[in-house]
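Summary of structural features
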Amino acid sequence: MGRQKELLRATARRFPRLAWIYRNLVWSAHEDKSQFGEQALLAAHLPPSGLFLEVGAFQPVMFSNTWALERRGWKGVAVDANPEYAFAWRLFRRRTPFWAVAVTPSAQVEAVLFLTDPRYGAVSSLRRDHVEKWSLPEGMSVHERVVRTVTVPELLKSFERSHLRAPDFVQFDCEGIDSELVEALLTGVDFERLPTFLMIESLEASDKPAQLADYYKELGAAGVSRLLKKRTELATG
């Protein structure tokens, strides 16, 4: 197993795009395309069709929470800070536009993206310490890449311009900054324009935006992911 793992890494370093094509093809054989069973959770609670915005989309098939939604009739946009993933989205999911941009809690012209690989790292984040947590124990170095950025409210406005309305479902999987992005969503977007459904990674109690429970109630969990539904009206007090 160790030799096979090292062979795969060597292949990925030499032929990175080929490696990701292979991984997506292998994962397409799985009935559940998600990583922790999120696919079943979404199928149980989301309507048959709607609009999605997947922030931190990663790959089009492997670990995807929206692949099954698209097959059910949903439409949307995939967003990831790593522009090198765009080729795989064009290859496997042409119907879903891929926006290569880093989503940030506050406005800035550009940001530094930290990756486990200079071009096609499987783990990437705007936080170096988050990438180091995954890369250093595996003997991998951390690389940097400057990327363009957009704030959460700006991203929602761009989505609304292209789809003529707000998304019904938004997922944040941005490796270490989800709490800050959720807070930016709640404070920067009017309640009426907030998505009906929101999926985020589990947050420590100290990291959860204080007002999250006023806006959303939890429907269920799958692995580290939590599915939330917007309250019919904003809770006060």
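Note: the structure precedes this text.
Just so it is clear, the structure is predicted and the values come from calculations on it, not from any experiment.

Attention shifts here to unusual backbone geometry. Positive phi values are uncommon outside glycine, yet Phe58 reaches one of about 60 degrees. With respect to the element layout, Phe58 can be found in the loop between β1 (51–55) and α4 (67–72). For Phe58, a relative accessible area of 14% translates into the label buried. Notably, Glu175 is not glycine yet its phi reads approximately 50 degrees, a positive angle. Topologically, Glu175 is positioned in the loop between β8 (169–172) and α8 (178–188).

Counted by the stated rule, this structure contains seven aromatic pairs. Between Trp27 and Phe63, the ring centres sit 5.0 Å apart and the planes meet at 85 degrees, which makes this aromatic pair edge-to-face. In this pair, Trp27 sits in helix α2 (residues 16–27) while Phe63 sits in the loop between β1 and α4, placing the two residues 36 residues apart along the sequence. What makes Trp27 buried here is its relative accessible area of 18%. Given the relative accessible area of 25%, Phe63 is considered partly exposed. Through successive ring pairs, a cluster of aromatic residues spans Trp20, Trp27, Phe58, Phe63 and Tyr85.

Our next topic: the nonpolar core. Core analysis: the biggest nonpolar cluster contains 30 residues, and Leu53 and Phe172 have the highest contact counts within it. For this core, the secondary structure elements donating two or more residues are β1, β2 (75–80), α7 (152–163), β8, α8, β9 (197–201) and α9 (212–215). Looking at this core, the element that brings in the most residues is α8, giving five residues. Leave out the neighbours within four places in its chain, and Phe172 touches Val55, Val152, Asp178, Leu181, Val182, Leu185, Leu198, Met199, Ile200 and Glu201. Core analysis: the next-biggest nonpolar cluster, separate from the first, contains 15 residues, Ala57, Ala78, Ala86 and Trp89 among them.

For the rest of this paragraph, the subject is the sheet that holds β1. Strand pairing in a sheet relies on backbone hydrogen bonds. The paired strands run either parallel or antiparallel. Strands sit in the order β3-β2-β1-β8-β9-β11-β10 across an open sheet of seven strands; the sheet is mixed. Strands at the two margins of the open sheet, each flanked by one partner only, are β3 (98–100) and β10 (216–222). Taken over all neighbouring pairs, the strand axes of this sheet differ in orientation by 20 degrees on average, direction set aside. For β1 and β2, the ladder comprises five bridges, and the chain directions are parallel. Bridge assignment links Val55 to a residue of β2, and that residue is Val79. Lying over the sheet, helix α3 (residues 38–45) contacts β8, β9, β10 and β11 (225–230), oriented at roughly 140 degrees with respect to β10. Its contacts with the sheet place α8 against β8, β9 and β10, and it is angled at close to 145 degrees to β8.

This part covers the pattern of salt bridges. Counting across every chain of the model gives 11 salt bridges. Ionic pairing is found between Arg128 and Glu132, a salt bridge with its closest N-O pair at 3.5 Å. In this pair, Arg128 and Glu132 both sit in helix α6 (residues 128–135), four residues apart, roughly one turn of the helix. For Arg128, a relative accessible area of 32% gives the class partly exposed. We classify Glu132 as partly exposed; its relative accessible area is 27%. One salt bridge in this structure joins Arg226 and Glu218, with 3.6 Å as the shortest N-O distance. When its relative accessible area of 25% is taken as the criterion, Arg226 is described as partly exposed. The exposure class of Glu218 is partly exposed, given its relative accessible area of 47%.

Structurally, Lys33 is set in the loop between α2 and α3. This buried residue, Lys33, is left without a salt bridge; Asp32 holds the nearest opposite charge, at 7.6 Å. Those residues in contact with Lys33, other than ones at most four positions away along the chain, are Trp27, Ser28, Gln39, Val61, Met62, Phe63, Ser64 and Trp67.

Thresholds, definitions, all that
- In this convention, every chain numbers its residues from 1, walking through the sequence in written order.
- In keeping with the model being predicted, local features are shown solely for residues with a pLDDT of at least 70 and side-chain atom pairs are shown and tallied solely at 80 or more, while totals for entire chains, interfaces and linings include all residues.
- Computation of side-chain values covers all heavy atoms of the structure but excludes hydrogens and water.
- Every helix listed is a DSSP run of H or I at least four residues long, and every strand listed is a run of E at least two residues long, numbered separately from the N terminus.
- When accessible area is computed with a 1.4 Å probe and restricted to protein chains, residues below 20% of their type maximum are described as buried, those above 50% as exposed, and intermediate ones as partly exposed.
- Planes of paired rings set the category: under 30 degrees apart is stacked, over 60 is edge-to-face and the rest tilted, where pairs are Phe, Tyr or Trp rings (Trp by its six-membered ring) whose centres lie within 6.5 Å.
- Put simply, buried Ala, Val, Leu, Ile, Met, Phe, Trp, Tyr and Cys residues joined by side-chain atoms within 4.5 Å make one nonpolar core.
- Residue contacts are counted whenever heavy atoms from the two residues lie within 4.5 Å of one another.
- DSSP-based pairing: two strands are paired if at least 2 bridges between them are found.
- As a rule, the C-alpha atoms of each element are fitted with a line to give its axis, helices using only the stretch in contact, and angles between N-to-C directions run from 0 to 180 degrees.
- The salt bridge criterion pairs a side-chain nitrogen of Lys or Arg with a carboxyl oxygen of Asp or Glu, the two atoms within 4 Å.
- Positive charges come from Lys and Arg alone, negative charges from Asp and Glu alone, with His and the N- and C-terminal ends not counted.

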